[in-house]
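Architecture and fold: a report
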Amino acid sequence: METVKNPGRAVSPWKALAADLPASLVVFLVALPLCMGIALASGAPIISGLIAGVVGGLVVGVFGGAPLQVSGPAAGLAVMVFGFIQQLGLATTFAIVAAAGLVQMLLGGLKVARAALAISPAVIHGMLAGIGILIVLGQVHIVLGGAPQSSAWQNVRALPGQLADLHGPAAVLGVLTIGLLVLWQVLPAGRLKALPGPLVAVVGATAAAALWGAEVARVQLPENLLGSFQMPKLPEGNWGTFLAAVLSLALVASAESLLCAVATDKMHTGPRANLDRELFAQGLANTVSGLAGGLPISGVIVRSAANVGAGAKTRASGILHGVWLLLFVTMLGAVAGLVPLAVLAGLLVVVGVKLVNVDHIRELHHRGELPVYLVTVAGVVGINLLAGIGLGLLVAMLRLLWHLGSVRVDVRQKGEAYQVSVSGALTFVGVPKLSTALAQVPAGARVELDLALETLDHSGHEALENWCDTHRKTGGTVRVESLEDIWTHKGTRKASASGLGPRVSSDNLVSGGAQ
């Protein structure tokens, strides 16, 4: 049992366990309905979601590098898994999960986890929002008593017919679940609010279905758990699609887990996450889950936030939540058979809506990154997940190039002298604009050069240096702080003889265009 180190004091193992035990029960109650619901959204057997929950709790809990992060099946991966199952079949999807885990372990071993944090947050938020929209469009059909279609457009087209042909009991139970979840969010804080909303909604709607005697489709778990495992199967052909699925799942699951680990770190003051170790553990868990017939695993912010909020101190909380899931599956699996599928679908509709985070949209709009977000959402919903991520990254790169080329050059004549002000980002992209502006200065003129740069790369430095040298050789004069001082950024800058002091940001100088 590990001793918890907090700033200024250490928490004894027994005090930590006293906090971790109740926290693990809270996380278990949050995770249980979500594991089943995400399996439903993935088009996989319900038991596959529960297996992933158990493996995520036990394997990542023991070996992970983010002690308070909780892992399991994630809504953000449900759309990918649904597509894999439709295209390649369930058994091959399990092989994809296991192989993606091997890729993750390799990446963790190579210690490249930090590289995943370089992905634009606008792309990540856009991906999750697109997935949320797809989940809502699919699961609303189950809420209404029907079945989801194979694409967003087909789900939208089929919705009027679904509304005209409602399955009364299923629709009532699905809407009741959504209503309970919404009600729980607006309740004032108190002892009642301490109960997890997803659990209250699922238990409440399931009890209503039992009292009503509603004839609706319900969760089906195998009677013989050990005999129900479906072994993964490699594809007999179509290897290109298989390998693409493995790599895409590995990258998306890794990015989601690592970003979740960073977000979880911000919620507590305990030990910081070791991202490479966490990535390796996520890969190990995915390999075990795939081999056991489970869904893919990643860090999940909803469960992690519940874990921290419930007062967890060590990794024991996440491990114990996996133990409680295992005990439920092996000893109380029949209880899950009481839950109507429409109830789980109602839970997923709310989960999907929450993935479209309005606060994130406002922040991205404020930062000028909303186009990246919108393109990613449109690509995920209109084409597929990988296309959406690719388009989002492309727009993010184009935006970066535009920003790097946003140098501003102002040339003014003041008497016999010319005042040249260069501001913004002077990189290789902006060198042509700089050269065009400096060409306005006649040979032999006296120039006062004022630099107020946010970013300067090697190309920009050379362009300035070459122009200054050339202008002096043709009989002109240039007053400016030493370009070498600006480039190396050493010591305290001194004003030039003319009193002009270049204002170069100390936080944003880059060398050779790399940062």
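Use the structure listed above.
Think of each chain on its own: its residues are numbered from 1, step by step along the sequence as written. Confidence filtering applies because this is a predicted model: local features only for residues at pLDDT of at least 70, side-chain atom pairs given and counted only at 80 or more, and all residues used for totals across whole chains, interfaces and linings. For side-chain calculations, the full set of non-hydrogen atoms in the structure is used, while hydrogens and water are omitted.

**Some remarks on the pattern of salt bridges**
Selection rule: Criterion for a salt bridge: a side-chain nitrogen of Lys or Arg within 4 Å of a carboxyl oxygen of Asp or Glu. Here a helix means four or more residues in a row that DSSP labels H or I, a strand means two or more in a row labelled E, and each is numbered from the N terminus. Exposed residues in this analysis have more than 50% of their type's maximum accessible area, buried residues have under 20%, and partly exposed residues fall in between, with area computed by a 1.4 Å probe over protein chains only.
Scanning the model with the defined rule gives four salt bridges in all. The partner of R367 in a salt bridge is E363, and the shortest N-O contact between them spans 3.3 Å. Of this pair, R367 and E363 both sit in helix 15 (residues 358-367), four residues apart, which is roughly one turn of the helix. Accessibility expressed as a relative area gives 40% for E363, which makes it partly exposed. The partner of R412 in a salt bridge is D410, with the nearest N and O atoms 2.8 Å apart.

**Describing helix 7 (residues 168-186)**
To keep things clear, this is the line we draw: Under the convention used throughout, the expected extent of a helix is 1.5 Å for every residue step, that is, one less than its residue count.
With 19 residues, helix 7 extends 27 Å from end C-alpha to end C-alpha; this agrees with the ideal 27 Å at 1.5 Å per step. Residues of helix 7 that are buried: A170, A171, L173, G174, T177, L181 and W184.

**With respect to the pairing of strand 6 (residues 417-426)**
Selection criterion: Whether two strands pair comes down to DSSP finding at least two bridges between them. Seen with its strands pointing away from the viewer, a crossover is right-handed if its path from the first strand over the helix to the second goes clockwise.
The buried fraction of strand 6 is high, at eight of 10 residues. Across seven bridges, the pairing between strand 5 (residues 408-414) and strand 6 is antiparallel. Within strand 6, the position partnered with K414 by the bridge is A417. Between strand 5 and strand 6, which pair antiparallel one after the other, the connecting turn spans two residues, and G415 there sits at a positive phi close to 70°. As judged from the 10 bridges shared by strand 6 and strand 7 (residues 446-456), these two strands associate in the parallel manner. Counted as the bridge partner of S421 is D450 from strand 7. Taken together, strand 6, helix 18 (residues 431-438) and strand 7 constitute a β-α-β crossover, and its handedness is right-handed.

**Remarks on the environment of V381**
The condition that has to hold: Whether two residues are in contact is decided by their heavy atoms, any of which lying within 4.5 Å being enough.
Residue placement: V381 occurs in helix 16 (residues 370-382). When its relative accessible area of 21% is taken as the criterion, V381 is described as partly exposed. In sequence terms V381 and I133 are 248 residues apart; their C-alpha atoms lie 7.2 Å from each other. Each residue touching V381, except ones within four places of it in the same chain, is listed here: G130, I133, L134 and A152.

**Structural notes on the pairing of strand 7**
Within strand 7, nine of the 11 residues are buried, leaving the element largely enclosed by the surrounding structure. Where strand 7 lies against strand 8 (residues 477-479), three bridges are found, and the strand directions are parallel. The residue of strand 8 that forms the bridge with R446 is T477. Crossover connection from strand 7 via helix 19 (residues 458-473) to parallel strand 8: handedness right-handed.

**Structural notes on the nonpolar core**
Just so we agree on the cut-off: To form a nonpolar core, buried Ala, Val, Leu, Ile, Met, Phe, Trp, Tyr and Cys residues must be joined to one another through side-chain atoms within 4.5 Å.
One finds M36, I46, L50, I96 and L249 to be the most contacted residues of the largest nonpolar core, which totals 93 residues. In terms of residues, this core owes the most to one element, helix 5 (residues 121-143), which gives 12 residues. Counting 24 residues, the second-largest nonpolar core is a separate cluster that includes V409, V422, L438 and C468.

**Quick notes on the packing of helix 5 against helix 14 (residues 341-355)**
Heads up, the rule is: Orientation is described by axes fitted as lines to C-alpha atoms, over the contacting stretch for helices, and by angles from 0 to 180 degrees between their N-to-C directions. Relative orientations are named as follows: roughly parallel for angles under 35 degrees, roughly antiparallel for angles over 145 degrees, roughly perpendicular for angles from 65 to 115 degrees, and oblique for any other angle. Crossing handedness is read from the near helix: turned anticlockwise from the far helix by less than a right angle, it gives a left-handed crossing, and turned clockwise, a right-handed one.
Where helix 5 contacts helix 14, the two axes come as close as 8 Å, and the packing angle between them is 155°. Taken as axis vectors, helix 5 and helix 14 run roughly antiparallel relative to one another. Classified by chirality, the crossing of helix 14 by helix 5 is left-handed. Taken together, the residues of helix 14 that come into contact with helix 5 (itself represented by L128, A129, I131, G132, I135, V136, Q139, V140, I142 and V143) are L341, A342, A345, G346, L348, V349, G352, V353 and L355.

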